[in-house]
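Chain and residue survey
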Amino acid sequence: MSAVSHGLFQLIVALILMGQSALALALDAPKERPVLTITGKVGVSNHPAGGVRLDMKMIEALPQHSFTTRTPWYDKPVKFTGPLLGDVLKLVKAQGQTISATAINDYRITIPVGDASQHGVIMARLIDDQPIPVREKGPLFIVYPFDNSATLRSSVYYERSIWQLKALDIQ
Amino acid sequence: MTFKLSDLASWQRRQWAMALAGLLLVTLSPLAWIQWQQLRLLDDVSTNQVDSIMWQAYQLEREMGRLKSRLQEAGNPAPAITEWELLEGYEIFLSRIDLLTKIPRRDLLESTPVFERATGLLDNFVRQADPVFEQPARLMGHHEQLQALISSIDQTLPTLSDLTREANRAVARFVDERNRQLHQQSVLVISLAAVQALVLLIFLALLVRHIRHQHRQYSELQKLSRELAEARDLAEAANHGKSVFLANMSHEIRTPFQGLLGMLNLLDEPNLSGRQRDYLRTAQDSAIHLLGVLNDILDVSTMESGTLKLSVGPVNLRSLAQEVDGLMQVAAADKGLSLNVHAASDLPDWVTADATRVRQIMFNLINNAIKFTNQGSIIAELSPASGGRCGVVLTVRDTGVGMDKETLQRLFTRFYQADNSLRRRIGGTGLGLDISRSLARMMGGDIQVSSEPGVGSVFTVILDLPEAATPEPERISQLDPQYTRRLKVLVAEDHPINLKYMNILLEKMGHDATFCENGQEALDLLQSQSFDVVLLDYHMPVLDGLATTEAIRTMPGPASQIKIILVTADVVNDTRKRATEVGVNEFTSKPLQAADLHRALLHCGLLEDPSIPETAVLLRPTSPSPLASYELPTRLPESPPMSSLIDLESYAEIVSMMPTETMYEMLDTVFEPPEGTLPVLQAALLEGDRDAVGYNAHKLKGTAMLLGFRAIIRTAAQIEQQAMQTAEPLSPDWVEQLQRDVDATRRALRQYELSLTA
């Protein structure tokens, strides 16, 4: 009798803790140096100035996906790993139609929100399972699975693949 | 690419398919390859973003410039940037180096000296800067280090500018190269398309040639078939013409030939020497043989022209067998053979058949058997068909020479004779079996032969002869005037003998006859008198039978509806068809037969009496048998002394047909002055009136032939010949000669009558 009630208690405590930590994830402020700023039409905020700041840990916490593809920037196929851009947008409860992405080098490009679900776009944080330093187009790199479709192998999508990503503005 | 048309024509579907597939493969695979190349080129361009190399070079140069300005900023006493931002600038610059040196198409740039120089400078810079940027905070405001970096950058930047320009040129070269490739490929595509078009054109040309060739062949074939059809029509017309000609000629020859035979008989006088008698016998045999040949030819030609018709009626097969037996025994006995012709006991008494033709088949086969048998026997049997078949089987067995297989195969070939060496010895036309078979087939049967050389032959004839009811016996006997209606008959006939004969015949049949000599006279008579029927001769002077018929049919009043019977020797159906078209009701053959005329009258609906049985005709000795007479084993009887003067058979026949007083009247028309033909002829001879002599001599000859007065025929013929065909003066001796003949004939007649009464 006592063993059963003890187990039940533990389970309830664990569930409560998990719920709290899940709620805290969207709202928690980044514990490390933020690598990505998301502003615009987002449903949550974890920064006094508005919008969301994410550090690498928070991005790692999202479900991770990988694909290997050829690109115009590497002379051989490269494996990209990271969360889906869609999951990132869900995390911040994004509600806009377009994403204005900005790189550290001030490169700017507009990505339709539809691309995220339609093409399985990844916000890569690893290349060939290694973290990406800034000098190697890190730390974040939005990548389309170019090898999946000839449509993607065009300048439209190459342009949208932004590296050294630092900010997303949802419009 | 050179095909012979014949090869092309003989190609099967599979070969065509393979040729087409080959052609498509040859022309389309290079095209496909080129397309594939172009696709790859496009893919390469889009995948590798070839032109981005220029952008990357420029970005590198720019980023280095930005790094320089950050370094300068960092040297300020109150810098506007943090050490972090300085490091970031450096990192971005480093990423730019990788972007240029690691892109897939860096090969466009790698081989240039500028690239090597630039990478060298960049490496130096990185080697110098990396340790310094380990601690960016220390770098801030560290003028010495900053200045060293800035001067390195200043050394590197011009080379990077060169690199950007080089990248621009490399891209331009690449575009040129791609354009050149595209151009080459386009040229290749165009050439291939041209080759393809050419090949297609060649194929098309071959196809067109082939079609034209076929078309030409087709029209040639059509032309040929037209020509063949024309040739066939011509040949058929010629053949038909030949058949008609043969039929007519055989008939035309037969008539004078009968005269020739008569004359030969007249020559046969008792006071002939042995040698003369031999010559005469030879002449008679030859003549009989020739007549047989003529009859055969007539038969074949009528069969060929399709005009031979069977005239069927009730036939007593037993009598037929007896008759044939009687006629053939002499010939068999001559060769020392035993001949047995008999009818099986279960044979039906009466069958429906064409008696003359059945008899002809029997004669032919038995005669053949006699010809080819040197010793032994010949057995001919008529029996009912076995195996439930309706009909009669005639089997003729001999113990003759027999035939081998080859001979059997060719046996029924026209004009073929089993043994050429026998041909001269035996003679004959070689038509006998052909005729017999044709006849048998016309009767729904056939002839089969089996034979063994040296043992003998068996000919089996199957005839589809339906059983017939026994005819009424009293009608067999005679032509009784009381059974027939008395008809008023108008006869148009120019030939005096025929005229007389018809007169006698009609009288015998109990009809009233009115005579005229041609169609015009017939028309005149029809206008003034009424008749039941008109008998028109087909060949007549002034107006022939057909023209007369047409004229009668256009006459006013009931005369145009009169029944018309055409008397014709023409066996050709065409004549009958034309005659029927102009309105002839019936036909009778010539010389006219009582039964035939009776039948014609019956068909015209002029008599109620159903029939004159065929047997009455069958058994008549004078029936015009189509049988080849040479096949009749007849031997001319030894002439009695009287035979040179009178043909007693003919005379007896005439006498039997006519009432005595009529006979006397007729004799008077010949002998009695002043109207008798003879006195008139004598008078004309004395007067020297050549026309009158010719006409009356002809007339006398005709009458004499009818009556069988041979001596008078002979003399009259000579007179006629002299009067009509020579210019010799007419000898008055003829008068005396005629008188002598007449006297002799009269004596002979008296003698004959005495012999009858005695």
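As the structure is a prediction and not an experimental result, all values here were calculated from the model.

Considerations on the overall build of chain B
Counting secondary structure elements, chain B contains 27 helices and twelve strands. Across chain B, every contact between residues at least 6 apart in sequence was considered, and the portion connecting residues at least 24 apart equals 72%.

Points about the overall build of chain A
Along chain A, the regular secondary structure elements total five helices and eleven strands. Scored against the burial criterion, the 171 residues of chain A give a buried share of 33%. Once local pairs closer than 6 in sequence are excluded, the contacts in chain A between residues at least 24 apart make up 59%.

Concerning the interface of chain A and chain B
Taken together, the contacts link 17 residues of chain A with 15 residues of chain B. Looking at the side of chain A that touches chain B residue by residue, the class counts come to seven nonpolar, four polar and six charged.

A few points about the sheet that holds strand 5 (residues 392–398) of chain B
Residues and elements named next belong to chain B. Read across the open sheet, the five strands follow the order 2-4-5-7-6; overall the sheet is mixed. Every other strand in the sheet has two partners, leaving strand 2 (338–343) and strand 6 (446–452) as the edge strands with one partner each. Strand-to-strand twist in this sheet, taken as the mean axis angle between neighbours without regard to direction, amounts to 10°. Judged from the six bridges that link them, strand 2 and strand 4 (residues 377–384) form a sheet pairing that is parallel. By the bridge assignment, His342 is partnered in strand 4 with Glu381. Packing of helix 10 (residues 317–334) onto the sheet brings it into contact with strand 2, strand 4 and strand 5, and relative to strand 2 it is tilted by some 175°.

As for the pairing of strand 8 (residues 488–492) of chain B
Residues and elements named next belong to chain B. Within strand 8, four of the five residues are buried, leaving the element largely enclosed by the surrounding structure. Of the pairings in the sheet, the one linking strand 8 to strand 10 (residues 533–537) comprises four bridges and is parallel in character. Within strand 10, the residue paired with Val491 across the bridge is Leu535.

As for the sheet that holds strand 1 (residues 36–40) of chain A
Residue and element names in this part refer to chain A. Spatially, 2-1-11-5-6 is the arrangement adopted by the five strands of the open sheet, whose pairing is mixed. The open sheet has two edge strands with one neighbour each: strand 2 (52–54) and strand 6 (108–112). Direction aside, neighbouring strands of the sheet carry axes that sit 20° apart on average. Bridge count for strand 5 (residues 98–103) against strand 6 is five bridges, and the pairing is antiparallel. Bridge pairing in strand 6 links Ala101 to Ile109.

A word on the packing of helix 3 (residues 52–75) of chain B against helix 4 (residues 83–101) of chain B
All names here are of chain B. Relative orientation of the contacting elements helix 3 and helix 4 amounts to 160°, with a least axis distance of 9 Å. Between helix 3 and helix 4, the interaxial angle falls into the category roughly antiparallel. For the element pair helix 3 and helix 4, the recorded crossing hand is left-handed. Facing helix 3, whose interface residues are Gln56, Ala57, Gln59, Leu60, Glu63, Met64, Arg66, Leu67, Arg70 and Ala74, helix 4 presents Leu86, Gly89, Tyr90, Ile92, Phe93, Arg96, Ile97, Leu99 and Leu100.

A few points about the confidence of the model for chain B
All names here are of chain B. Scored by pLDDT, chain B comes out at a mean of 78, with 86% of its residues at no less than 70. Counting interchain partners and residues more than four positions distant, the pLDDT-below-50 stretch residues 422–426 has three contacts. pLDDT under 50 marks residues 610–640. Its contacts with residues more than four places away, or in other chains, come to 60 contacts.

Things to note about the environment of Ile719 of chain B
All names here are of chain B. Along the chain, Ile719 turns up in helix 26 (residues 710–725). Separated by 16 residues in sequence, Ile719 and Val735 place their C-alpha atoms 10.0 Å apart. In this structure Ile719 touches Val693, Ala697 and Trp734, once residues within four positions along its chain are discounted.

Description of the nonpolar core
Residue and element names in this part refer to chain B. Ranked by size, the top nonpolar core spans 62 residues in total, and within it Val534 and Leu535 carry the most contacts. Each of domain 3 (474–612) and domain 4 (641–757) contributes no fewer than three residues to this core. Leaving out residues up to four positions away in the same chain, Leu535 has contacts with Val489, Val491, Ala492, Ile565 and Val567. By size, the runner-up hydrophobic cluster in this structure holds 41 residues, among which are Val351, Met362, Ile366 and Ile370.

Procedures and definitions
- Numbers given to residues run from 1 along each chain, matching the order in which its sequence is written.
- Chain A is the first chain written and ligand 1 is the first ligand written, with later ones labelled in order.
- In view of the model being predicted, local features appear only for residues whose pLDDT reaches at least 70, and side-chain atom pairs are presented and counted only at 80 or more, with totals across whole chains, interfaces and linings using the full set of residues.
- We count a stretch as a helix when DSSP gives it H or I for four or more residues in a row; a strand needs E for two or more, and each element gets its number in order from the N terminus.
- It is the C-beta atoms, placed from the backbone, that decide contacts: two residues are in contact if theirs lie within 7 Å.
- Once C-beta atoms are placed from the backbone, each residue is buried if 20 or more other C-beta atoms lie within 10 Å of its own, exposed if 12 or fewer, and partly exposed for counts between those two.
- Polar here means any residue outside two lists: the nonpolar Ala, Val, Leu, Ile, Met, Phe, Trp, Tyr, Cys and Pro, and the charged Asp, Glu, Lys and Arg; Gly therefore counts as polar.
- Should DSSP find at least two bridges between two strands, the strands are regarded as paired.
- For helices, the fitted line uses only the C-alpha atoms of the stretch in contact; every axis is such a line through C-alpha atoms, and the angle between N-to-C directions lies from 0 to 180 degrees.
- Angular relationships are summarised with four words: roughly parallel below 35 degrees, roughly antiparallel beyond 145, roughly perpendicular across 65 to 115, and oblique for the angles in between.
- Crossing handedness is defined as follows: a turn of the near helix away from the far one that is anticlockwise and smaller than a right angle gives a left-handed crossing, while the clockwise case is right-handed.
- Per residue, pLDDT measures the predictor's confidence, with a range of 0 to 100.
- Working definition: the nonpolar core is a set of buried Ala, Val, Leu, Ile, Met, Phe, Trp, Tyr and Cys residues, joined through C-beta atoms within 7 Å.
- Source of the domain bounds: an automatic or database domain assignment.

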